[in-house]
Structure formats: structure tokens, C-alpha cells
Amino acid sequence: MIPDLLPYHSYDPDGHVFVQSDGSLGLAWAVTPLECETLSETALGQLARRIEALLGLLPEGSAVQFILSSRRNVDLSPWLNATPESGLLRDLAEARARATGAFEIRHEGSRFAARSLRCLMTLRAFPRWHAPGMADGLKFAFRGARTVEEKFLGEYAEEKKRLLERAEAAENLLGQMGAGVRRLDLAEFRGEIHGLLNPGRPVPPPPDDGDSLLREGLAFTTAEIEAASISLGQVR
């Protein structure tokens, strides 16, 4: 059931563009969440204005979503890589990393443990594709299908160009905010979606065979879809 609901059709490596089954075009990013707890009111106001500017960069009629997830495995490798390779400071850093990763307390029946936050941002634009008319039919009759194909590819190139221009501007603005942002390629995107749809499955997604639709090979967990929630295995 879940694969039938996924819109993913194919992937264009030039720009990391995902083509959806309804003709829409999509992009996906891994975004590092911002640390806002210690910011002053002035800094929070500046951040709010930049977020408003970010929303203004989105194509008209597009859909954007931010998916925030947490994982028990805490990745402290960037912090460890910033310390010396040997010596006392390295020993202290490794000890702190182990302690942070194993941190866990219970309070009033709930368990609190160190977790890492991940944010997935997706953008989906809906181009207004030109419907074939009488002139296209005559060209097809006298010159073959290639003329129609060339016209579509030309329109696709223009729509993709406009989408990528907006995407680059949004990436620059996110960078100015101090948020780490990385546009996902096919392998990274499949890994992220597979992890979201199969929260209890330890194995990675099967390799892409280059022939099947993109939505296939992503969901292996039984889902129960209700009016206000979705349960994937034991995760609700």
C-alpha cells in the first residue's frame, strides 16, 4: 500500500531533480538544525526575517515540507575530528563522546537519552506543462514523434532551470543563517526515505537497478493508515 502512495518516478542526476508520477519536479536537502536556545531577541528577529525571505523564494504554488526525526545513535565524529589525533585532549574527547552516546536517565516512567536530530527538507514544484494542440498533431503526422519529444524536453529544461535557480538562492540563504544544507542525490535520498518508512529495519535499501520506478524498493514495513496518524510496525 505504501509504495502505491509514493509519488517518486525517476531521477535526473543533472541538478539532483526528482521527477514525480504526476509531472511535478522535486528536490530534497539534508539540513542541520539551528541552535536557537541561546540567541538574543535581536538575533531571533533576524532569523525570522530570513525564514520569511526563504519562503518568498519558493516557486508559486509549490509545496515544501520539513521532516524532523531523531535517532538514538549520536554522531559525534565531526567533534572528534576537530580534536588532536593523540594526547590528553584526544583521550578526553573520546571519553566524552562515549559518555554522551551512552547517556540515559529515567524520570517519572519516561526514558531520556542522548539523540541526534535530522531534518529533511523537500520542495515540490508543479510546472504547467503545455498540452499538445493541433499544430503538434500535424507535426507528429508529418515529421514523427521526435518533434513532440524535443518540445517536451525543451520545456522540461526551462522548468528545471527555473527550479534550480530558486533552489540555489534558497541554499545560499540557508547558509547565511548558519544552517548546514546539502542537496541529496539519488543514493542519499533513497537511504533517507527507506529509513523513515522502515524505522525498525537495520538493513539498507536494496541497490537501485536503474530500471524500476523510484518509488519501488523503499517500503518493507507494514503500515496502518488512520485518519490522523500512520503506524509503521511498532512506530506510530
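Note that the structure is a prediction, hence the values are computed from the model and not measured.

Draft legend 1. Examining the packing of aromatic side chains more closely. In the structure shown here, the tally under the stated rule is 3 aromatic pairs. Between tyrosine 8 and phenylalanine 189 the ring centres are 5.1 Å apart and the planes differ by 90 degrees, which places this aromatic pair in the edge-to-face class. With tyrosine 8 in strand E1 (residues 8-12) and phenylalanine 189 in helix H7 (residues 186-197), this residue pair connects regions lying 181 residues apart in the sequence. Linked through ring pairs, Tyr8, Tyr11, Phe18 and Phe189 together constitute an aromatic cluster. The ring centre of phenylalanine 220 lies 4.5 Å from the NZ or CZ of arginine 201, which sits over that ring.

Draft legend 2. Seen up close, the pattern of salt bridges. Applying the stated criterion to the full structure yields 8 salt bridges. The salt bridge partner of aspartate 14 is lysine 160, with a shortest N-O separation of 3.1 Å. Taken together, the residues span a long stretch of sequence, with aspartate 14 in the loop between E1 and strand E2 (17-20) and lysine 160 in helix H6 (residues 146-177) at a distance of 146 residues. Judged by its relative accessible area of 11%, lysine 160 falls in the buried class. Measuring nitrogen to oxygen at the nearest pair gives 2.8 Å for the salt bridge that ties arginine 124 to aspartate 22.

Draft legend 3. Layout of the layout of surface pockets. Estimated volume of the largest pocket: approximately 700 Å³. Taken together, 23 residues make up the lining of the largest pocket; nearest its centre are Gly195, Leu196, Leu197, Asn198 and Pro199. Every element with two or more residues in the lining of the largest pocket is listed here: helix H1 (2-5), strand E4 (63-71), H7 and strand E10 (230-232). Of the residues assigned to the lining of the largest pocket, the class counts are 12 nonpolar, 6 polar and 5 charged. The calculated volume of the second largest pocket comes to roughly 480 Å³.

Draft legend 4. Representation of the side chain of glutamate 171 within the structure. Among the structural elements, glutamate 171 can be located in helix H6. Residue classification places glutamate 171 among the buried residues on the basis of a relative accessible area of 18%. Excluding residues within four positions of it along the chain, glutamate 171 makes contact with Trp29, Val181 and Arg183.

Conventions adopted
Residues numbered from 1 in each chain as written. Predicted model: local features only at pLDDT ≥ 70, side-chain atom pairs only at ≥ 80, totals over all residues. Heavy atoms only, no water. Phe/Tyr/Trp six-rings, centres within 6.5 Å; stacked < 30°, edge-to-face > 60°. Helix = DSSP H or I, 4+ residues; strand = E, 2+ residues; numbered from the N terminus. Lys NZ or Arg CZ within 6 Å of the ring centre and 35° of its normal. Salt bridge = Lys/Arg side-chain N within 4 Å of Asp/Glu carboxyl O. Buried < 20%, exposed > 50% of the residue type's maximum accessible area, 1.4 Å probe, protein only. 1 Å grid on protein atoms, 1.4 Å probe; cavity = no way out; pocket = protein on both sides within 12 Å on 5 of 7 lines; lining within 4 Å. Points joined across faces, edges and corners; volume = space filled by probe spheres on them. Nonpolar A, V, L, I, M, F, W, Y, C, P; charged D, E, K, R; others polar. Contact = heavy atoms within 4.5 Å.

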